[in-house]
Amino acid sequence: MPEPLKTLTSGTVVFSQSNIDTDQIIPGRFLTTTTREGLGAHAFHDWRYESDGSVKPEAVLNRIDPAQHRILIAGDNFACGSSREHAPWALLDYGFRAVVSTSIADIFTSNALKNGLLPVVVSQAVWDDLAAHPDQPVTIDLEAETIRRGNAEPTHFRVEAFARQCLLDGVDAMGWLAARLPDIEAFERRQQETA
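What you see as residue numbers is a count from 1 along each chain, following the sequence as written. Only residues with pLDDT of 70 or above have their local features reported here, since the model is predicted, and side-chain atom pairs are shown and tallied only from 80 upward, although totals for entire chains, interfaces and linings are computed over all residues. For the side-chain quantities, the full set of heavy atoms in the structure was used; hydrogens and water were omitted.

Caption draft 1: Quick look at the overall build of the protein. A count of helical and extended segments in the protein gives 8 helices and 8 strands. Based on the C-alpha atoms only, the size of the protein along its principal axes is roughly 65 × 45 × 25 Å. Remark: exposure states derive from per-residue accessible area (1.4 Å probe, protein chains only) relative to the maximum for the residue type, with buried under 20%, exposed over 50%, and partly exposed in between. Looking at the protein residue by residue over its 195 residues, the buried ones come to 43%. The contacts of the protein with a sequence gap of at least 6 include a subset with a gap of at least 24, amounting to 64%. Surface exposure of the protein reaches about 10100 Å², of which carbon and sulfur atoms provide 51%. Asp and Glu count as negative and Lys and Arg as positive, but His and the ends of the chain are not part of the count. Working definition for charges: the position is that of NZ of Lys, CZ of Arg, CG of Asp or CD of Glu. A distance of 3 Å separates the average location of the 17 positive side-chain charges in the protein from that of its 27 negative side-chain charges. Numbering of helices and strands starts at the N terminus; helices are DSSP runs of H or I of at least 4 residues and strands are runs of E of at least 2. Residue contacts follow a heavy-atom distance rule, with two residues in contact if any of their heavy atoms lie within 4.5 Å. Method for areas: the Shrake-Rupley scheme with a 1.4 Å probe, in which residue coverage is limited to the protein chains shown.

Structure follows, in structure tokens:
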């Protein structure tokens, strides 16, 4: 899992296209690995590289410093299509920590939250403002569940409570359970004693 995510202040990358699917995020030919490392090189591969493998210099992801642009502002219906855990893996490995859109596919949302990538759904008006100011730093405060940008009023968003806690703690569901192993074992002992 990535580091705990409490507050993220970063530049943004805007992909205004609607219906960006998981095959565009990480083409199927790169799904042969079961590890997360290295998938960032293939995030949006066909947008970033020619068919001969040469770099497309005009591609935004080839021109920015991922460490300074950790928030993706994505068009409507982001990450639709097939379910593939590799999609959030690729985005995380590239450097993104959050995706903001007016709608995000449910399966991708579940996969993202389980892997440390924060999906945030906002209104069209908020999205339009974010997209209109791509050079303006954005702050996502997961503890307060708000997005702050420029002089605009903070925008509230919601994240499912368990997933939110896991992101805040920097653990996945298994890590959350493992941290509570002494309590689980004590409960099991009590159950055996009363059986």
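Caption draft 2: Main features of the environment of alanine 67. Tracing the sequence through the fold places alanine 67 in the loop between helix H2 (45-48) and strand E3 (71-74). Its relative accessible area of 51% is what places alanine 67 among the exposed residues. A sequence separation of 28 residues divides alanine 67 from glycine 95, and the C-alpha atoms of the two residues are 6.2 Å apart.

Caption draft 3: How the structure looks around the sheet that holds strand E2 (residues 12-15). DSSP calls a pair of strands paired once it identifies at least 2 bridges connecting them. What the 4 strands build is an open sheet, ordered E2-E3-E4-E5; its pairing is parallel. What marks the edges here is a single partner per strand, and that holds for E2 and strand E5 (118-121). Neighbour-to-neighbour, the strand axes of this sheet turn through a mean angle of 20 degrees, independent of strand direction. Here E2 runs beside E3; their pairing, made up of 4 bridges, is parallel. When the bridges of E3 are listed, valine 14 appears paired with isoleucine 73. Only the contacting stretch of a helix is used when fitting its axis, a line to C-alpha atoms as for every element, and angles between N-to-C directions run 0 to 180 degrees.

Caption draft 4: Seen up close, the nonpolar core. In these notes, a set of buried Ala, Val, Leu, Ile, Met, Phe, Trp, Tyr and Cys residues joined through side-chain atoms within 4.5 Å is what counts as a nonpolar core. Membership of the largest hydrophobic core comes to 28 residues, with the highest contact counts inside it found for Ile25, Phe44, Leu72, Phe78, Leu91 and Phe108. Secondary-structure elements contributing two or more residues to this core are E2, E3, helix H3 (86-94) and helix H4 (106-115). In terms of residue count, the dominant contributor to this core is H3 (6 residues). Sequence-distant contacts of phenylalanine 78, that is, excluding residues within four places in its chain, are made with Ile20, Ile25, Phe44, Leu72, Leu91, Val99, Ser101, Ser103, Ile104, Ala105 and Phe108. The next biggest cluster of nonpolar side chains, apart from the first, holds 22 residues, and it includes Val100, Val120, Ala163 and Leu168.

Caption draft 5: The sheet that holds strand E6 (residues 138-141), seen in detail. Pairing within the open sheet is antiparallel, and its 4 strands lie in the order E1-E6-E7-E8. Of all the strands in the sheet, the pair left with one neighbour each is strand E1 (7-10) and strand E8 (155-156). Pairing analysis gives 4 bridges linking E6 to strand E7 (residues 146-149), with the strands arranged antiparallel. Each bridged residue has a counterpart across the sheet, and for valine 138 the counterpart in E7 is arginine 149.

Caption draft 6: Spotlight on the pairing of E6. Neither face of E6 is exposed, since Val138 and Ile140 on one face and Thr139 and Asp141 on the opposite face are all buried. In textbook terms, the turn of a hairpin is the stretch between consecutive antiparallel strands, and for E6 and E7 this stretch comprises 4 residues, one of which, glutamate 145, has a positive phi near 55 degrees.

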